[in-house]
Amino acid sequence: MSAAAKDAIVTAANVTKRFGELRALNDVSLTIAPGAVQCIIGPSGSGKSTLLRCINQLEKIDQGAIWVDGELIGYRIKGDELHELSDAEIARQRLATGMVFQRFNLFNHMTVLENIIEGPVTVLKRPRQEAVAEAEKLLARVGLSEKRNSYPIELSGGQQQRIAIARALAMKPKLMLFDEPTSALDPELVGEVLAVMRDLAASGMTMIVVTHELGFAREVASDVIFMDKGEIVERGHPQQVLVAPQQARTRDFIAAVL
Ligand code: ADP
Ligand code: MG
């Protein structure tokens, strides 16, 4: 690993992920610096979710290597051999990463507050009082303090997604992954979720955001990647990639989304 990559929150080196014959990711490399907001755009089936799932160890890669917060994920190096980590060690590594999905994935039988403190109390073994105090701060941060005792079903999709973000943040991740967090929302609810993500970015959180919201990407991204067919086709400053793309495939995609 280079010196630059050592300080990175995420380094992926020549990652390939296959599903049978299909290369969902083909020789993908990237580096994400602390505090960066990496937006990823690209057509359906281009490998965006697979990339996030590999970074979060929901999928195992076939080739290459990924480091999160300086740690090689999934393996331990012993001499010149690689040993697979145990499930417990993988679970520990996964705590560095928070993930927010298209669908909200809240626990429907728990209140909003219980949803947020569940991980800190059961996984991190934090005292309940401390977890509640922290959850209250997070609820204020996403603008939903008054919903602390509501059940997810009583909330709008946008509110549920803001709670999902608060719940992920309660685990104090080093990195937040967002996989099309606003794609399942009614249009009028998209803005409130993007506003929370914008605040999070401004607070210095390192984020990888898969999104079709090109306006958000243009405003908030430090860097944009365009993927197609499992490969990174183009990357660069948002103005570059979104406004003056070099590659025909990027231009076609942006024209189709706008
Ligand atoms: P995107 O998020 O960009 O829409 P995905 O990462 O979900 O794309 O998928 C990339 C490719 O890998 C697609 O062709 C998809 O059908 C395939 N794929 C994803 N997950 C699986 C899986 N679990 N089994 C088989 N194929 C998969
Ligand atoms: Mg996807």
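Residues numbered from 1 in each chain as written. Chains lettered and ligands numbered in written order. Predicted model: local features only at pLDDT ≥ 70, side-chain atom pairs only at ≥ 80, totals over all residues. Heavy atoms only, no water.

Turning our eyes to something else, we now look at the overall build of the chain. Counting its regular elements, the chain contains 10 helices and 12 strands. Taken against the 2.2 N^0.38 rule, which gives 18 Å for 258 residues, the C-alpha radius of gyration of the chain at 19 Å falls within 12% of a compact globule. Based on the C-alpha atoms only, the size of the chain along its principal axes is roughly 50 × 50 × 35 Å. Expressed as a percentage of its 258 residues, the buried residues of the chain come to 51%. Across the chain, contacts joining residues at least 24 apart in sequence account for 64% of those joining residues at least 6 apart. Split by element, the accessible area of the chain, about 12300 Å² in all, is 49% carbon and sulfur. If you average the places of the 29 positive and of the 32 negative side-chain charges in the chain, the two averages end up 2 Å apart. (Helix = DSSP H or I, 4+ residues; strand = E, 2+ residues; numbered from the N terminus. Rg over C-alpha atoms; globule rule 2.2 N^0.38 Å. Buried < 20%, exposed > 50% of the residue type's maximum accessible area, 1.4 Å probe, protein only. Contact = heavy atoms within 4.5 Å. Areas by Shrake-Rupley, 256 points an atom, 1.4 Å probe, with all protein chains shown as cover. Lys, Arg positive; Asp, Glu negative; His and termini not counted. Charge placed at Lys NZ, Arg CZ, Asp CG, Glu CD.)

The environment of ligand 1 is made up of Phe19, Leu22, Ala24, Pro43, Ser44, Gly45, Ser46, Gly47, Lys48, Ser49 and Thr50. In this structure, an oxygen atom belonging to ligand 1 sits 2.7 Å away from a main-chain N or O atom of Gly45. Within the side chain of Thr50, an N or O atom sits 2.5 Å from an oxygen atom of ligand 1. In isolation ligand 1 offers 560 Å² of accessible surface; the protein chains occlude 59% of this area. Mapped onto the shell around ligand 1, the elements with two or more residues apiece are strand S2 (22-32) and helix H2 (48-55). When residues in the shell around ligand 1 are grouped by element, the largest group, three residues, is from H2. Of the residues that constitute the shell around ligand 1, the class distribution is four nonpolar, six polar and one charged. (Near = heavy atom within 4 Å. Polar contact = N/O pair within 3.5 Å; in protein donor to acceptor, adjacent residues only side chain to side chain. Nonpolar A, V, L, I, M, F, W, Y, C, P; charged D, E, K, R; others polar.)

By the definition in use, this model includes two cavities of 30 Å³ or more. Looking at the largest cavity, its volume works out to about 40 Å³. As for the largest cavity, its lining consists of Arg141, Val142, Ile165, Leu169, Val196, Asp199 and Leu200. The leading source of residues in the lining of the largest cavity is helix H7 (residues 187-202), at three residues. Of the residues contributing to the lining of the largest cavity, the split by class is five nonpolar, no polar and two charged. Here the second largest cavity defines a volume of roughly 30 Å³. In terms of lining residues, the second largest cavity is bounded by Ile55, Asn56, Gln57, Val68, Ile73, Gln93, Arg94 and Thr97. A breakdown of the residues in the lining of the second largest cavity according to their chemical character gives three nonpolar, four polar and one charged. (1 Å grid on protein atoms, 1.4 Å probe; cavity = no way out; pocket = protein on both sides within 12 Å on 5 of 7 lines; lining within 4 Å. Points joined across faces, edges and corners; volume = space filled by probe spheres on them.)

According to UniProt, the positions carrying the feature "domain: ABC transporter" (unreviewed entry) are residues 10-254. Here residues 10-254 runs as 37% helix and 28% strand, with 26 Å between its end C-alpha atoms. (UniProt positions renumbered as here; feature names shortened; annotations may be inferred.)

Quick look at the packing of aromatic side chains now. Under the defined criterion, the tally for this structure stands at one aromatic pair. Between Phe226 and Phe253 the ring centres are 5.4 Å apart and the planes differ by 40°, which places this aromatic pair in the tilted class. With Phe226 in strand S11 (residues 223-228) and Phe253 in helix H10 (residues 248-257), this pair connects stretches of sequence that are 27 residues apart. Residue classification places Phe253 among the buried residues on the basis of a relative accessible area of 10%. (Phe/Tyr/Trp six-rings, centres within 6.5 Å; stacked < 30°, edge-to-face > 60°.)

Positionally, Arg92 belongs in helix H3 (residues 87-94). Taking the C-alpha atoms as reference points, Arg92 and Val123, separated by 31 residues in sequence, lie 9.7 Å from one another. At 3.1 Å, the side chain of Arg92 forms a polar contact with the side chain of Glu71.

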